[in-house]
Amino acid sequence: MATRLYSHPVFLEHLTPAGHPERPDRLRALFSVLEGYDYYALDQVEAPVADEQALELVHQASYLKQIKAQIPDPLDEEQVASGMAQPIVNVGQDTYVSPQSWHAVLAATGSALAAVEDVFNGQADNIFIAARPPGHHATADTAMGFCITNTAAIAARYAQSHFGAERVAIIDWDVHHGNGTQDIFAADKNVLFCSTHQAQIYPGTGLVKETGVGNIVNAPLLADSGSREFREAFTSRILPALDNFRPDLILISAGFDGHYLDPLAQLNLTETDYDWVTGQVMERADRFCNNRLISFLEGGYDLQGLSFSAAAHITRLMKG
């Protein structure tokens, strides 16, 4: 079976202020690389749009109502023709919405639900979700760090509630700690959350001592760490935890902002590191959960670093 990729045109319409690092060009850069011949077998599918109720698998109804109420109305055709820019509203710590952001959130959620259905129904071995906005900083009731809703967390809850998944593992290698995901699952022993990230940068969480109910494994890296330290964190802490957990489903919060070109952090990873770690996680997916693996795009803000690293990740997924 081919690797499946979910995306949607509306992801380009989630707008942020000029100069903001989480911008539509991130997806444009990725898809420009995926136009190459090497990706002809990639099964690219437009994401379905989820019902709003699906968001309540993770998020509080009052929070969702609050966010939706802040979505600005779009400009009319005359205003657009006059050169006016679509309105953008701040809803949290450096997190913004524009007229199409709610649609983007529902399409990201729809891709997550469809991906879970695909891997449990045997429609794909593994799936990459190229969506915006990212999600791993969003808690049940707070937008922050560019994130409005937590798509990977929604996928985990959907797998539990609709497919009886007893053990879901979430592996987060974004350079910023996935505090939202950790917060959502900190008391759920049936969800393993493992994160490697740069220490002492936003959002300031992810200490080794944060262990939840024994289901949280944090492996922070010092600034200027590179391939050796990253791979050691996986081989000594994260992969053994994954082996002991024996998951029914593996989810990846795949941020590529640990790349040496990225402007928001100080790690020194390359595309080969993302190829390697993808292969390591795929080995566990093959061993424990019939290859069921879903990867979600999170961070990555240098366009070359993001596109080349994500392409290396997708290429490894396609190799099976």
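Residues numbered from 1 in each chain as written. Predicted model: local features only at pLDDT ≥ 70, side-chain atom pairs only at ≥ 80, totals over all residues. Heavy atoms only, no water.

The chain is annotated in an unreviewed UniProt entry as Acetoin utilization deacetylase AcuC-like enzyme of Pseudochrobactrum saccharolyticum. What UniProt states about the chain under its Sequence similarities (unreviewed entry) heading is, verbatim, "Belongs to the histone deacetylase family." (UniProt positions renumbered as here; feature names shortened; annotations may be inferred.)

Draft legend 1. Broad picture of the sheet that holds strand S6 (residues 168-172). Strands sit in the order S2-S1-S5-S10-S9-S6-S7-S8 across an open sheet of eight strands; the sheet is parallel. Looking along the sheet, the strands with just one partner apiece sit at the ends: strand S2 (43-46) and strand S8 (216-221). Strand after strand, the sheet turns through a mean of 15° between neighbouring axes, direction not considered. Inspection of the sheet shows strand S5 (residues 126-129) paired to strand S10 (residues 293-297) by four bridges, in the parallel sense. Note that in S10 the partner of Ile-129 across the bridge is Phe-296. Packed on one face of the sheet, helix H4 (residues 101-120) meets strand S1 (4-7), S5, strand S9 (249-254) and S10 and runs near 170° to S5. Packed on one face of the sheet, helix H7 (residues 227-245) meets S6, strand S7 (191-198), S8 and S9 and runs near 175° to S7. (Pairing = 2+ DSSP bridges. Helix = DSSP H or I, 4+ residues; strand = E, 2+ residues; numbered from the N terminus. Axes fitted to C-alpha atoms, helices over the stretch in contact; angles between N-to-C directions. Contact = heavy atoms within 4.5 Å.)

Draft legend 2. Representation of helix H5 (residues 151-163). Compared with the 18 Å implied by 1.5 Å per residue over 13 residues, the 17 Å span of H5 between its first and last C-alpha is a close match. Considered for burial, the residues of H5 that qualify are Thr-151, Ala-152, Ala-153, Ile-154, Ala-155, Ala-156, Tyr-158, Ala-159 and Gln-160. Where H5 is buried, its residues contact H4, S6, helix H6 (179-185), S7, S9 and S10. In the segment just after H5, Gly-164 is the residue with positive phi, at about 65°. (Expected span 1.5 Å × (residues − 1). Buried < 20%, exposed > 50% of the residue type's maximum accessible area, 1.4 Å probe, protein only.)

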